[in-house]
Amino acid sequence: MTKKNTEAGASALPLNSILDGDCIEVMNSLPEGSIDLIFADPPYNLQLRGDLHRPDNSKVDAVDDEWDQFASFQVYDQFTRDWLKAARRLLKPDGAIWVIGSYHNVFRMGAELQNQGFWILNDVVWRKSNPMPNFRGKRLTNAHETLIWASKSDKSKYTFNYEALKALNEGTQMRSDWVLPICTGHERLKDDKGDKAHPTQKPESLLHRVLVGTTNPGDVVLDPFFGTGTTGAVAKMLGRDFIGIEREAAYREAATKRLSKVRKYDRDALQVTTPKRAEPRVPFGQLVERGMLRPGEELWSMNGRHKVKVRADGTLIGDDVKGSIHQVGAHLEGAPSCNGWTYWHFRKDGKKVPIDLLRQQIRSEMRAN
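Residues numbered from 1 in each chain as written. Predicted model: local features only at pLDDT ≥ 70, side-chain atom pairs only at ≥ 80, totals over all residues. Heavy atoms only, no water.

## Some points on the overall build of the chain
When helices and strands are tallied, the chain shows 12 helices and 15 strands. When burial is assessed residue by residue, the chain has 45% of its 369 residues classed as buried. Look at the contacts in the chain between residues 6 or more apart in sequence, and 66% of them connect residues 24 or more apart. Carbon and sulfur atoms form 48% of the exposed surface of the chain, whose accessible area is close to 19,700 Å². (Helix = DSSP H or I, 4+ residues; strand = E, 2+ residues; numbered from the N terminus. Buried < 20%, exposed > 50% of the residue type's maximum accessible area, 1.4 Å probe, protein only. Contact = heavy atoms within 4.5 Å. Areas by Shrake-Rupley, 256 points an atom, 1.4 Å probe, with all protein chains shown as cover.)

Spelled out as structure tokens, the structure:
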């Protein structure tokens, strides 16, 4: 699964691979305008000043790796400029990016995103339901991280699966504050010594929400700081293609092993709720043309109070009204508008069934073709 960055310059994208090398160099070697979504979890630049200890004097397993250490803010800012420039080059015109960080770096990334022409869509607060305590007791417990979601430009027609996220949230509009646990238990990868394979492994629940909400099956997702492969694992399960870039051999090895055990969900399971406006348009008259409803056939309102007849041109006629399925329903109810598809019912096997059932049958045929 691991490939050297010399292979990344091929005309075809190295899909579902982990590329070995510096993220900026590798991104600059990939085809321009080829990526649908980037999820980036860059070094935080935590600026730790010595070890952290718990009240019992045991050492906290904090992020003290070499890859998170920068000589100054100026050096970190230059790094941020370079990798974001490379990332923006890779995005399709309607592509988007997610970045995640802590208070140490997220504000610097946000400013640079705007400097480079990205269009910020939302900032999301990931509130950790089980954060690490602040053992020094000199500051508030760091109980959240911030994600920034931005399109390539203010003209981008980015993907946003509003109805799918609403369904994930039990029918309520998804908010910009997400309460999810940090990565623990069976999901936390361990090395041969039983220690954390990566100090900042992200939970799959976080990537699930991001990818379901802002990508579609078959999209290409790039993670330039791949780590142990959470983005790739969730992308693979959800039927998205991924490209990971990771320079640390130990992380690549852990990610490769992890991904070998991941299986894609079946096709039906990958379908998500879509907005009505995204469905193919089906005129009511088409039901009449195809004989699914006959001229003269009677329809009843959902409350059973009103009855009308279907006409040959796809309009309805009642005692004192005629017009479209929507116009007639609104008139009879004395309402400003009416969804005729759910309002009107026909008889099938002695039961009243909404005419929307017939529309869905036609839509299923259209999708199949």
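## Describing the sheet that holds strand E12 (residues 316–317)
Strand order in the open sheet formed by six strands is E13-E12-E11-E10-E14-E15, with antiparallel pairing between adjacent strands. Lying at the two open borders of the sheet, with one neighbouring strand each, are strand E13 (322–323) and strand E15 (351–354). Bridge analysis of strand E10 (residues 298–301) against strand E11 (residues 307–310) gives three bridges, and the strand direction is antiparallel. Opposite Trp 300, over in E11, you have Lys 307 as the bridge partner. (Pairing = 2+ DSSP bridges.)

## Here we look at the packing of helix H5 (residues 204–214) against helix H6 (residues 230–237)
Interhelical geometry of H5 versus H6 gives an angle of 55 degrees and a closest axis separation of 9 Å. Put simply, H5 runs oblique to H6. Viewed along their axes, H5 and H6 form a crossing whose handedness is right-handed. Of the residues in H6, those touching H5 at Glu 204, Leu 207, His 208 and Leu 211 are Thr 230, Thr 231, Ala 233, Val 234, Ala 235 and Met 237. Of the residues that constitute the contact of H5 with H6, the class distribution is six nonpolar, three polar and one charged. (Axes fitted to C-alpha atoms, helices over the stretch in contact; angles between N-to-C directions. Parallel < 35°, antiparallel > 145°, perpendicular 65-115°, else oblique. Left-handed = near helix turned anticlockwise from the far one by under 90°. Nonpolar A, V, L, I, M, F, W, Y, C, P; charged D, E, K, R; others polar.)

## Overview of the pairing of strand E8 (residues 220–223)
Burial of the side chains of E8 extends over both faces: Val 220 and Leu 222 are buried on one face and Val 221 and Asp 223 on the other. Where strand E3 (residues 35–40) lies against E8, two bridges are found, and the strand directions are parallel. Residue pairing across strands places Ile 38 opposite Leu 222, the latter belonging to E8. Crossover connection from E8 via H6 to parallel strand E9 (residues 241–245): handedness right-handed. (Right-handed = clockwise from strand over helix to strand, strands pointing away.)

## Here's the deal with the pattern of salt bridges
Taken as a whole and judged by the stated rule, the model has 13 salt bridges. With a closest N to O distance of 2.8 Å, Arg 175 and Asp 177 form a salt bridge. Take Arg 175: its relative accessible area is 57%, and that puts it in the exposed class. For Glu 298, the salt bridge is made with Lys 307, and the minimal N-O distance between the two is 3.4 Å. (Salt bridge = Lys/Arg side-chain N within 4 Å of Asp/Glu carboxyl O.)

## Re the nonpolar core
If you look at the biggest cluster of nonpolar residues, it comprises 32 residues, and the most contacted ones within it are Trp 98, Leu 147, Trp 178, Leu 206, Val 210 and Leu 211. Element by element, the count of residues in this core is highest for H5, at five residues. In terms of nonpolar packing, the next biggest core, distinct from the first, is built from 30 residues, Ile 24, Val 26, Leu 222 and Ile 243 among them. (Core = buried A, V, L, I, M, F, W, Y, C linked by side-chain atoms within 4.5 Å.)

These results come straight from atomic positions and should not be treated as a statement about function.
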